[in-house]
Amino acid sequence: MKTKPFFKLLTLVVLALAGCKKANIDVDTATVDGSAIGEVSGVWAKGSTQVIKGDIVIPEGKTLTIEEGVTVLMDTVAKPEIIIKGNLYALGTTENPIKFTVNEFYKTPSKKFGKLWGGILAGPTCEELVLDHVILEYGGSTTSDASTSVKMGLYKAKAGENLPALWFANANGKLVVQNSIFRNLQEDCTYIEGGKIIFANNVFYTTGVTGGEAMNFKSGCLADIAYNLVYSTNTNALKLSNTGDKTPQTYIIAYNNTMVNTGWRRPTAKGGSIWLESAVRADLYNNLFANTRFGVKRDPKKPEDSRSAYSNNWYYGFDQTTVNQFQPTGDIVGGKNDVISNVAGANDPKFVNYPLNTAVTNADFNTAWDFHLQGNSPALGKGITNFTRHHKAGIIMKNGITYISPSPSTFVGAYGTKL
């Protein structure tokens, strides 16, 4: 007997609606590819591919663990958002990182700044979020009235906003982002509104069209930021602010980071390397600024906390224009034992492989570049280690893993000599 077309259609609609309600609930650890829309939790198993057809939500009180080598493939038509009301642990490895990405077909030069899917959005009920050995790329789509984040009142809770790759907003929460890559993104890579935080050993490049920071911190953050490489962000490598009136006051300890060419593609007051505002407390040590726009700059109308400390940072400018705007005057901050010359080409850090005459407006990253220091680099031995950091004792997660902020080094920048 033939089934009438109407009943075939009705069956498909019912199945589709059932799939929208829940997906991949409490998945076991078998290596199984899958697709998801709606609520998710459990485990996405090692080496699997998970196709995200629409917005997904980790419910409050639930956890999603993503194992090494998983590819999370985002639909470029639906432009999904990943909403975290519970907890997310994305635990990749050096050999098998986790990828939040799109189909290779869409990775064209015209789409190098992404906007092909939403972002990872962790609301106030997200207690713990870990991204370890993760690649986030091609995100940053624009919200609409139909966006789950808008309906739930998350991020900026309105249509027309370009999403960050990662948003976290729990002043009592725990956030660890390490050994990860943020690339090919529309605006902010990260937008953080509170929590005990470690950002370590990450790389940021090809991000920001008309704005966007690599790491954007608001009030409520106690963060250690170390050994990150930030290349040519449209605006700042680090925007540090106490805006938001959350408790605790934001206190950032940023050390041994390398910033290259940051800020030149948005030549406004805030465009630069590290921007300080609104009573943020910031301690900045052993950071390397190479051909960046400014170094450390404050908002003179809303300056940083007077207890902030700056020391042993290193500045290099290929041309005189770059060198001139490094000089500590007015709202340009200079620190104790900082190395800042007034001569173009001085203080060459001697990277292993990076042409220092690369145009400062270049946003394209060559993965063959190597920002380790040569054995004769003058930046070796110029860092200090006698300062405290927030999470020396570690951040302990419910899954039993403790994450410790790395120890500072006596070299300046994110990388010493190659072993």
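Whatever comes next refers back to the structure up there.
Quick caveat, the model's predicted, so the values are computed rather than measured.

The rules we used
- Residues numbered from 1 in each chain as written.
- Predicted model: local features only at pLDDT ≥ 70, side-chain atom pairs only at ≥ 80, totals over all residues.
- Heavy atoms only, no water.
- Helix = DSSP H or I, 4+ residues; strand = E, 2+ residues; numbered from the N terminus.
- Rg over C-alpha atoms; globule rule 2.2 N^0.38 Å.
- Contact = heavy atoms within 4.5 Å.
- Areas by Shrake-Rupley, 256 points an atom, 1.4 Å probe, with all protein chains shown as cover.
- Lys, Arg positive; Asp, Glu negative; His and termini not counted.
- Charge placed at Lys NZ, Arg CZ, Asp CG, Glu CD.
- Salt bridge = Lys/Arg side-chain N within 4 Å of Asp/Glu carboxyl O.
- Buried < 20%, exposed > 50% of the residue type's maximum accessible area, 1.4 Å probe, protein only.
- Phe/Tyr/Trp six-rings, centres within 6.5 Å; stacked < 30°, edge-to-face > 60°.
- Lys NZ or Arg CZ within 6 Å of the ring centre and 35° of its normal.

Caption draft 1: Summary view of the overall build of the protein. On a plain count of helices and strands, the protein comes out with three helices and 34 strands. Its C-alpha radius of gyration of 22 Å places the protein within 12% of the 22 Å reference for a compact globule of 419 residues. C-alpha extents for the protein along the principal axes are approximately 85 × 45 × 40 Å. Expressed as a percentage of contacts within the protein between residues at least 6 apart in sequence, the contacts between residues at least 24 apart total 68%. Counting every atom, the protein has about 16,800 Å² of accessible surface; 54% of that belongs to carbon and sulfur. Side-chain charges of the protein comprise 41 positive and 35 negative groups, with the mean position of each set lying 3 Å from the other.

Caption draft 2: Structural view of the pattern of salt bridges. All chains considered together, the criterion is met by eleven salt bridges. One salt bridge in this structure joins Arg183 and Glu137, with 2.7 Å as the shortest N-O distance. A residue pair is termed long-range when its members are at least 10 positions apart, and Arg183 in strand E14 (residues 181-185) and Glu137 in strand E11 (residues 134-137) qualify at 46 residues. Summarising the burial analysis for this pair, Arg183 and Glu137 share the class buried.

Caption draft 3: The arrangement of the packing of aromatic side chains in detail. In this structure the tally under the stated criterion is 23 aromatic pairs. Where Tyr255 meets Phe387, the ring centres are 5.4 Å apart and the plane angle is 65 degrees; that geometry is what we call edge-to-face. Pair noted here: Tyr255 is in strand E22 (residues 251-255) and Phe387 is in the loop between strand E32 (370-373) and strand E33 (395-396), with a separation of 132 residues, a long-range link. Judged by its relative accessible area of 12%, Phe387 falls in the buried class. In textbook terms, an aromatic cluster arises when at least three aromatic residues are bridged by ring pairs, as seen for Tyr205, Tyr231, Phe351, Tyr354, Phe365, Trp369 and Phe371. Taking the ring centre of Tyr251 as reference, the NZ or CZ of Arg281 above it sits at 4.2 Å.

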